[in-house]
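If you want the building blocks of each chain, they are given just below.
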Amino acid sequence: MINSLRGMNDILSEDYERFTYFINTATDIAQKYGYHFIETPLLEETALFKRSVGESSDIVGKEMYQFIDKGENDVCLRPEGTAGVVRAFVQKKLDKAGGIHRFFYHGSMFRYERPQKGRLRQFHQFGVESFGVDSVYEDAAMIMMVSDILKALGIAYRLQLNSLGDSNCMPQYRDSLVSFIEKCEDDICEDCVRRKATNPIRVLDCKNGTCQVIYKEAPKLINHLCSACEDDFEKLKKILDDNEIAYEIDTNLVRGLDYYSKTAFEFVSDNIGSQSAIAGGGRYDRLVEFLDGRPTPAVGFAMGIERLMELIKMPEVKRDGYYLGAMDEEAIDLVVSLTHKKRKSDKATCDYKAKNLKSHLKGADKVNARFCCVIGTNEMQNDTIWVKDLENKTESTMFLKNF
RNA sequence: GUGGGAUUAGCUCAGUUGGUUAGAGCACUGGUUUGUGGUGCCGGGGGUCGCGGGUUCGAGCCCCGUAUCCCACCCCA
């Protein structure tokens, strides 16, 4: 037997019901916020992710499905969605066109990781990207959108918030953090020593307990923000307060991708194990420029659909449509024709075998039909059909021409 | 990539110190005289016990390897 590859799952039956329910709910809300669907290729030039996500990140460093294609191109399956959307934005010259462009997307992402609960090699994200708005109101609107989606799905969450500063204040802060790390380099973990060289900000969310104690004394980015970043962060908190969106400030919250600046946020769930981040995002004002576009402010987020799946509260499924059955061999053709006719306006299924009434009622139950419709010899003789409403438990016999 | 746990029917799981034809519940399917379901009764199908070696007279059970899943690290959505 051939099995699917490690960390790559099929989605079917009930999972598929939940999956499409999520997509429909999220799509509806994104459209209410004025976003438009965008689909980008699963395969992109490797250079795109090296430049956007950043070579220092683990995603690019060791998790990409990368290979050389038959045309000698260095390509990889997308590990995240933002890079492709930004590339498309620049390629279609929307940066030069100016104005505001808002997109949402959903689809498969690929990372060569060791699978565990909430972490697959092929997984699905729903995300949105907004281009051309530098106002912090847009950051707030984005957070509200995530909040709306999670609430619509009945998912409890905690929202964590931080500001990563911009090109004014971030480099200065990084320098002061590096000199702090150098002073305590002998006491921190190996990973942090490595991070010092590659991406020093990342030491802040190190999971190592000893490191965390040490970093309590570390300079806080939030105290080193320039006035513009400081003002935006204060404004963001006020907007969220005004709109009754609860949040916690987490000064150690660092986004894992290199392109973020200013607002960074993460939605976490306490009910799904260690892979608790269900949505994450923030502002990335410099990324369009990094990818050869005209400088364009941007902000976005992505949600991990698999991590949400078991948290989604599905609406109650109601009986729907018709089930048709014959009690006599000679009525089968008629039943098939009637079913075909009924499908023009309703969901309708039928059984291809003659069975007794009890069996048909059971069959109607199984497909969760609202009406069980049966034709036997009595009905054949009178051109009628017996119809039972399985919800109200009422029944009647009607002429076929009225059915 | 590192460490730990698991793997027996479609699903959830029993299976005694290694000893005949490996069990249950649910699900599926048929019947219950051509007339009342979801909730009665009776029956049926379905498992080379993840896979590959080894020890043994004999392995679902012990040993080694391997795959996958789960948990944690790491990373991130």
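Our structure's up above, just so we're on the same page.
Quantities reported herein were computed from a predicted structural model and do not represent experimental measurements.

Peer 1: Hey, could you run me through the overall build of chain A in this one?
Peer 2: The number of helices and strands found in chain A is 15 helices and 16 strands. Here the C-alpha radius of gyration of chain A, 28 Å, is well above what a compact globule of 403 residues would show, namely 22 Å. Its C-alpha atoms give chain A principal-axis dimensions of roughly 95 × 55 × 50 Å. Relative to its 403 residues, chain A shows a buried fraction of 37%. Intrachain contacts of chain A at a sequence separation of at least 6 include 69% that bridge at least 24 residues.

Peer 1: Is there a simple way to explain the packing of helix H1 (residues 13-32) against helix H6 (residues 136-152) in this structure?
Peer 2: Two elements in contact, H1 and H6, have axes separated by 10 Å at closest approach and are oriented at 145 degrees. In the crossing of H1 with H6, the sense of the turn from one axis to the other is right-handed. From H1, Thr 25, Ala 26, Ile 29 and Ala 30 reach across to H6, where they touch Met 145, Asp 148, Ile 149 and Ala 152. Of the residues belonging to the contact of H1 with H6, the class tally is six nonpolar, one polar and one charged.

Peer 1: What am I meant to see in the nonpolar core here?
Peer 2: Within soluble globular proteins, side chains that are nonpolar tend to cluster in buried spots. Counting 77 residues, the largest nonpolar core has Val 128 and Val 146 as its most contacted members. Tallying contributions element by element places H6 first for this core, with eight residues. Ranked by size, the runner-up nonpolar core spans 18 residues in total, among them Tyr 323, Cys 350, Cys 372 and Val 374.

Peer 1: What's the story with the sheet that holds strand E6 (residues 122-131) in this structure? I'm lost.
Peer 2: Within a beta sheet, neighbouring strands are joined by backbone hydrogen bonds and run either parallel or antiparallel to one another. Read from one edge of the open sheet, eight strands run E1-E5-E6-E11-E10-E9-E7-E8, paired in mixed fashion. This sheet does not close on itself; its edge strands, each paired only once, are strand E1 (36-37) and strand E8 (248-249). Where H6 meets the sheet, it contacts E6, strand E7 (158-163), strand E9 (261-268), strand E10 (277-283) and strand E11 (298-304), and its direction lies at approximately 15 degrees from that of E11.

Peer 1: Help me understand the sheet that holds strand E12 (residues 322-326) in this model?
Peer 2: One open sheet holds the five strands; their spatial order is E13-E12-E14-E15-E16, and the pairing between them is mixed. Of all the strands in the sheet, just strand E13 (348-354) and strand E16 (394-399) have a single pairing partner and so form its edges. The mean angle between the axes of side-by-side strands here comes to 20 degrees, regardless of whether they run parallel or antiparallel. Bridging between E12 and E13 involves four bridges; their strand directions are parallel.

Peer 1: Any chance you could explain helix H4 (residues 82-91) here in plain terms?
Peer 2: Each α-helix winds once per 3.6 residues, and so residues spaced three or four apart point in a common direction. Of all ten residues in H4, eight are buried, a share of seventy percent or more. All of the buried residues along H4 are Thr 82, Ala 83, Gly 84, Val 85, Val 86, Arg 87, Phe 89 and Val 90. Within two residues after H4, Lys 93 carries a phi angle of roughly 60 degrees, on the positive side.

Rules used throughout
- Residues numbered from 1 in each chain as written.
- Chains lettered and ligands numbered in written order.
- Predicted model: local features only at pLDDT ≥ 70, side-chain atom pairs only at ≥ 80, totals over all residues.
- Helix = DSSP H or I, 4+ residues; strand = E, 2+ residues; numbered from the N terminus.
- Rg over C-alpha atoms; globule rule 2.2 N^0.38 Å.
- Buried ≥ 20, exposed ≤ 12 C-beta atoms within 10 Å, placed from the backbone.
- Contact = placed C-beta atoms within 7 Å.
- Axes fitted to C-alpha atoms, helices over the stretch in contact; angles between N-to-C directions.
- Left-handed = near helix turned anticlockwise from the far one by under 90°.
- Nonpolar A, V, L, I, M, F, W, Y, C, P; charged D, E, K, R; others polar.
- Core = buried A, V, L, I, M, F, W, Y, C linked by C-beta atoms within 7 Å.
- Pairing = 2+ DSSP bridges.

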